[in-house]
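The residues making up each chain are set out below.
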Amino acid sequence: MHLMCVQALLENMRRLAGVSNVSEDLRNVLRQPPVVTVMPQKALLQQLKQQLYDIAFCAIQVDLDLSNFVDFSLPYATAGYQGVVIKQDSPIDGMTVLQQAFGTSNAWALFSLLLLVILSIIFAHLIWIVERKDNPNINKYYGPGVFDSWWLGIVTAMTVGYGDKVPVTVQGKILTIAWMFAGTYCVGMFGAAVTSTFVNSQNLSYLPPADKLLQIQKVTDLDGYRLGTSSVIAKHFLEQQLLNSTVLVYENVTNLLSALVNQTIDVAVDETWTVRWLLQNDPTFKDNNLIQVGDVFEHRPRVIAIGRPGYDVDKVYHLVQVAQSDLMYGTGELNYKLLLEKWLKASVKTTPSTYIDRFDKALMRWCIIYMIGLGIFMVLWGLFVIWHYWNEIKQSRIRFGLLRSMGLGLKFSQKDLRDGARKLFKEVDSNQDGFVDVEEILDFFRGLGQELSDRDVQMCSTSDASSGTLT
């Protein structure tokens, strides 16, 4: 952006020099291609101080110490400092989902639960005392009687109301009414505490350390982290915030970002434009998952520094001022705005996916896994039930087969049963001799798809050993 500014500003200076009252020497200088050298800001300011360079286009921040040997142009933009962190998405497995769902320990939840248990035990003793003689559902003996009363208290507090145990005396009913209010209060407090824990589980205090870094938004969020910067001004600003953090100063932004990659520091805080350019163009940092986070703070104007040879106002200072004013607010205003738009707006910071977003996706993924697991369990459980009750199922099939053969439904009278038995006898008696032998019964059941043995038939019948027939 600075090189584009140099080109635009020089074009404007050449144009104005042609119509302004400037020396011929200055016009000749402007006609020649400028010598542009790219170097770190600190080195450039030092070279400017030594009069080795004339103009510094590097987003200079106005400083009283610099004003001793340079002059400042009009502010042409504002910039500030912004945090840079390593984007590390912590893994979210099934156990993490369960832990997040149940949340962490909550003192209020534990207190309300203990209060519910203690008050329910007191209520159980009082109910047993007033109900043990008159209530048939409350055992008159202490141990089982108190347990019956405690069951009544818990069911009442949970607003379940099974109705298997209820007070019958006036005193018991009055005690139960009082317990309804007390129990409902305890259960409500417990539910509120659990809900609060669940809601707070979405808060930053529950996030893994790597994800907390991505949630940095303001300066106070930097508290407790190891900080680094390449700017003394930024270091002084951070120290003024009274953060519980150490601030290390590096020679340049490249060393600063290298320290971040090596995890010597947790957050790099530096000038947002410079860092943004390095993250997008320097291959050393482009693929290291470095990302700018939070708001830009400590906004200050950025200016052009103009050298002062012999510690006197430079001859080009006034021309720079006029050319810059015309570029920003005169004939070049449109190009200037397009230039700023191209540089400052085209590369805005990207918002990383938050832990909550990734947790929601992981939750949906694990819900599907849990549902598949539940489906497999239900299938296996169903097969086990069928295997366990296979004999009962066979008997039921035989029974329904007989009922169909007898022309009966699930409900029938004695007359329907007698008529059906005659019909069945005729159907089984294949040779129509008035007798049904074992072979005929076995053939009949084979027709129903059931395999029976002689022993199965003889166990249900009276056997005529001499004839081998059943009557």
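Definitions and cut-offs
Residues numbered from 1 in each chain as written. Predicted model: local features only at pLDDT ≥ 70, side-chain atom pairs only at ≥ 80, totals over all residues. Heavy atoms only, no water. Salt bridge = Lys/Arg side-chain N within 4 Å of Asp/Glu carboxyl O. Helix = DSSP H or I, 4+ residues; strand = E, 2+ residues; numbered from the N terminus. Buried < 20%, exposed > 50% of the residue type's maximum accessible area, 1.4 Å probe, protein only. Pairing = 2+ DSSP bridges. Expected span 1.5 Å × (residues − 1). Contact = heavy atoms within 4.5 Å. Core = buried A, V, L, I, M, F, W, Y, C linked by side-chain atoms within 4.5 Å. Patch = residues over 30% accessible without salt bridge, like charges linked within 9 Å, V, L, I, M, F, W, Y side chains within 5 Å. Areas by Shrake-Rupley, 256 points an atom, 1.4 Å probe, with all protein chains shown as cover. pLDDT = per-residue confidence, 0-100. Axes fitted to C-alpha atoms, helices over the stretch in contact; angles between N-to-C directions. Parallel < 35°, antiparallel > 145°, perpendicular 65-115°, else oblique. Left-handed = near helix turned anticlockwise from the far one by under 90°.

Colleague: Just to check I follow, could you spell out the pattern of salt bridges for this structure?
Modeller: Oppositely charged side chains are able to pair whenever their charged atoms sit close together. Tallied over the full model, the rule gives 4 salt bridges. Lys165 is the salt-bridge partner of Asp148, the closest N and O atoms lying 3.7 Å from each other. Within this pair, whereas Asp148 is found in helix 6 (residues 142-157), its partner Lys165 is found in the loop between helix 6 and helix 7 (170-200), the two being separated by 17 residues in sequence. The residue Lys235 makes a salt bridge to Glu239 at a minimum N-O spacing of 2.3 Å. Within this pair, Lys235 and its partner Glu239 are both found in helix 9 (residues 232-240), separated by 4 residues, close to a single helical turn. Classification of Glu239 as partly exposed rests on a relative accessible area of 41%.

Colleague: Please explain the pairing of strand 1 (residues 55-61) as it appears in this structure.
Modeller: Two faces, one strand: in a regular strand the side chains alternate between the faces of the sheet. Among the 7 residues that make up strand 1, 6 are buried, leaving the element largely enclosed by the rest of the structure. For strand 1 and strand 7 (residues 290-307), the ladder comprises 4 bridges, and the chain directions are antiparallel. What sits directly across from Ile55, in strand 7, is Ile306.

Colleague: How do you make sense of helix 5 (residues 107-131) when you look at a structure like this?
Modeller: Given 3.6 residues to a turn, an α-helix orients residues that are three or four positions apart in the same direction. Along its 25 residues, helix 5 runs 35 Å from first to last C-alpha, staying within 8% of the 36 Å computed at 1.5 Å per residue. Along helix 5, the residues that are buried comprise Ala109, Ser112, Leu116, Ser120, Phe123, Ala124, Ile127, Trp128 and Glu131.

Colleague: Just checking my understanding: could you explain the environment of Val168 for this structure?
Modeller: Residue placement: Val168 occurs in the loop between helix 6 and helix 7. By relative accessible area, which is 42% here, Val168 ends up partly exposed. For the pair formed by Val168 and Asn135, sequence separation is 33 residues and the distance between their alpha carbons is 6.1 Å.

Colleague: Can you walk me through unusual backbone geometry in this structure?
Modeller: Glycine aside, residues mostly have negative phi, and peptide bonds are mostly found in the trans state. Positive phi values are uncommon outside glycine, yet Leu242 reaches one of about 55°. Position of Leu242 among the secondary structure elements: in the loop between helix 9 and strand 5 (247-249). Note on Leu242: relative accessible area 75%, which makes it exposed. Its identity is not glycine, yet Gln263 carries a phi of approximately 60°, on the positive side.

Colleague: What's the story with the environment of Thr197 in this structure? I'm lost.
Modeller: Structurally, Thr197 can be placed in helix 7. The exposure class assigned to Thr197 is buried, which follows from its relative accessible area of 5%. Considering only alpha carbons, one finds Thr197 and Ala109, 88 residues apart in sequence, at a separation of 8.8 Å.

Colleague: When you look at the environment of Leu290 in this model, what are you seeing that I'm missing?
Modeller: The topology assignment puts Leu290 in strand 7. Leu290 gets classed as buried once you look at its relative accessible area, which sits at 12%. Measuring from C-alpha to C-alpha, the distance between Leu290 and Gln88 comes to 9.2 Å, with 202 residues separating the pair along the chain. Setting aside residues no more than four positions away along its own chain, Leu290 makes contact with Val84, Val85, Ile86, Leu257, Leu260, Val261, Leu279 and Phe285.

Colleague: I keep staring at the nonpolar core and nothing clicks. Help me out?
Modeller: In summary, soluble globular proteins display a tendency toward joint burial of nonpolar side chains. Ranked by internal contacts, the top residues of the largest apolar core, which has 20 residues, are Leu9, Met13, Tyr76, Ile304, Ile306 and Val320. When contributions to this core are tallied by element, the ones reaching two or more residues are helix 1 (2-17), strand 1, strand 3 (77-86), strand 7 and helix 13 (317-329).

Colleague: I tried to follow a nonpolar patch on the surface on my own but got confused; where do I start?
Modeller: A grouping of Leu113, Val117, Ile121, Phe147, Trp150, Trp151, Met158, Val160, Tyr162, Phe190 and Val194 is seen on the molecular surface, where their side chains present a nonpolar patch of about 970 Å² in accessible area. Mapped by element, the contributors of at least two residues to the nonpolar patch are helix 5, helix 6 and helix 7.

Colleague: What is the right way to look at the confidence of the model for the chain in this model?
Modeller: It should be kept in mind that the predicted coordinates are not to be read in detail where pLDDT is low. Looking at the chain as a whole, the pLDDT averages 77, with 72% of positions reaching at least 70. Strand 4 (residues 227-229) holds the highest mean pLDDT among the elements of the chain, 93, whereas strand 9 (residues 463-464) holds the lowest, 42. Across residues 462-471, confidence stays below pLDDT 50; counting only partners more than four residues off in sequence or on other chains, it has 15 contacts.

Colleague: Is there a simple way to explain the packing of helix 5 against helix 6 in this structure?
Modeller: When two helices pack together, their arrangement is captured by the angle between the axes and the distance separating the axes. Where helix 5 contacts helix 6, the two axes come as close as 8 Å, and the packing angle between them is 125°. The angle between the axes of helix 5 and helix 6 places the two elements in the oblique class. The hand of the helix 5/helix 6 crossing is right-handed. Here Leu116, Ser120, Ile121, Phe123, Ala124, His125, Ile127 and Trp128 of helix 5 come into contact with helix 6, specifically with Tyr142, Gly145, Val146, Ser149, Trp150, Leu152, Gly153, Ile154 and Ala157.

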